[in-house]
There are 2 protein chains.
Amino acid sequence: MQYLLKYSETMNHEAIFKDRLRAAGERFTTPRLGIFRLLYRQGPLSMPKLIDRAGSEGIDSVTVYRTVELFRRLDFIQEVGLGRQRLLELSDDYEAHHHHLVCGQCGRIIDFDSAAIEAELQRVSRAQGFQLRTHQLEATGLCRQCAATAATA
Amino acid sequence: MQYLLKYSETMNHEAIFKDRLRAAGERFTTPRLGIFRLLYRQGPLSMPKLIDRAGSEGIDSVTVYRTVELFRRLDFIQEVGLGRQRLLELSDDYEAHHHHLVCGQCGRIIDFDSAAIEAELQRVSRAQGFQLRTHQLEATGLCRQCAATAATA
DNA sequence: AATGATATGAAAATAGTTTGCACATGCAGT
DNA sequence: ACTGCATGTGCAAACTATTTTCATATCATT
Ligand SMILES: [Zn+2]
Ligand SMILES: [Zn+2]
Ligand SMILES: [Zn+2]
Ligand SMILES: [Zn+2]
């Protein structure tokens, strides 16, 4: 079986990916790199979409399941639950930490980050004796455009 | 078919539930009340668990799927994505608004709320022209007990 | 109580996920 | 670079979860 991967111009994050994989005693394989690239390039993806994209690169769905499980175990990815669907996204080590405002009308996703929220979460965790590792914050509502449309309608 | 529901001492939230259902032009039925009660009493439940509990009250799994779909549509419930699993929880109208610290070791869930986070989220939304409706924040890490165990191990 | 509209349960159909196994591949040691 | 072995991969099949279909039961209204 031949994989259809092309080598990208920037090797940086992929080198980090490889190192982290090896450091965990896991093998660096072509399908794993392929799935990593999809997540890196295509942003948050649902499982069905990821399986579909991977499929068109010759990667079997079973391998996607197993790789996602591996990535999750190694904290390479995190799952964000937007409404009813769960999306997979590279964790903060690869993607700058941020949160989401999701428009329930058009599906648009606005990224944001807030130092105030981060600090407050740290404070709350400390107060509870909780050793914070990761977190996600998602808000749903209407984006500027859809809110305007809804107002005139 | 006989339902095994017993009437609870506090009728308050159930009356509200009934009213909200009727106001939306939906029927108030025994299975719907049963599922509402399960969620009210048993806190956040995964779909399999909810189906199981409902099953022991004589409610079919298909009805659970349809009812959850209805409750979601009417904003009676919200889905929180704790790690890999999705849990169903009554929305803030029934349950006081709060967020979760989830221990990745023992699964313990610590509820918390923070006025500072709420205010900041409002501010960010306003700045983006985003009309906020709901939001969820979940953090993962180690609870006090598990952190202590991990430190000594 | 009778009526009409809708919800429900049971079965069947689909879709999503996991498992078992033969073969392919990554990688450590030569 | 070549070899050997441990592990990853794809395929098929098992299994589980979810949706659809339809006859019957239940709800709200008259
Ligand atoms: Zn929008
Ligand atoms: Zn954050
Ligand atoms: Zn714990
Ligand atoms: Zn909040």
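Residues numbered from 1 in each chain as written. Chains lettered and ligands numbered in written order. Predicted model: local features only at pLDDT ≥ 70, side-chain atom pairs only at ≥ 80, totals over all residues. Heavy atoms only, no water.

**Remarks on the overall build of chain A**
- The helix and strand inventory of chain A stands at six helices and six strands.
- Taken from N to C terminus, the helices and strands of chain A fall in the order α-α-β-α-α-β-β-β-β-α-β-α.
- Taken over 153 residues, chain A has a buried fraction of 44%.
- For chain A, contacts bridging at least 24 residues in sequence account for 53% of all contacts bridging at least 6.
- With an accessible surface of roughly 8300 Å², chain A has 49% of that area assigned to carbon and sulfur atoms. (Helix = DSSP H or I, 4+ residues; strand = E, 2+ residues; numbered from the N terminus. Buried < 20%, exposed > 50% of the residue type's maximum accessible area, 1.4 Å probe, protein only. Contact = heavy atoms within 4.5 Å. Areas by Shrake-Rupley, 256 points an atom, 1.4 Å probe, with all protein chains shown as cover.)

**Side note on the protein's contact with DNA strand D**
- Neighbouring DNA strand D are 20 residues; Arg27(A), Thr29(A), Thr63(A), Arg66(A) and Tyr65(B) lie closest to it.
- Counting only atoms of DNA strand D within 4 Å of the protein, the fraction found in sugar and phosphate groups is 63%.
- Separating a phosphate oxygen of DNA strand D from a side-chain N or O atom of Arg32(A) is a distance of 3.5 Å.
- At 2.9 Å from a base nitrogen of DNA strand D is found a side-chain nitrogen or oxygen belonging to Arg66(A).
- Of all the secondary structure elements, the ones that give two or more residues to the surface near DNA strand D are α2 (30-42) and α4 (61-73) of chain A together with α4 (61-73) of chain B.
- Classifying every residue of the surface near DNA strand D by side-chain character gives eight nonpolar, four polar and eight charged. (Near = heavy atom within 4 Å. Polar contact = N/O pair within 3.5 Å; in protein donor to acceptor, adjacent residues only side chain to side chain. Nonpolar A, V, L, I, M, F, W, Y, C, P; charged D, E, K, R; others polar.)

**Looking at the packing of α2(A) against α4(A)**
Residues and elements named next belong to chain A.
- It is at 10 Å that the axes of α2 and α4 come closest, and there the two elements cross at 75 degrees. Our classification of the angle between α2 and α4 gives roughly perpendicular. Note on element contacts: α4 touches α2 through Thr63, Val64, Thr67, Leu70 and Phe71, opposite Pro31, Arg32, Ile35, Phe36 and Leu39.
- Tallied by class, residues from the contact of α2 with α4 come to seven nonpolar, two polar and one charged. (Axes fitted to C-alpha atoms, helices over the stretch in contact; angles between N-to-C directions. Parallel < 35°, antiparallel > 145°, perpendicular 65-115°, else oblique.)

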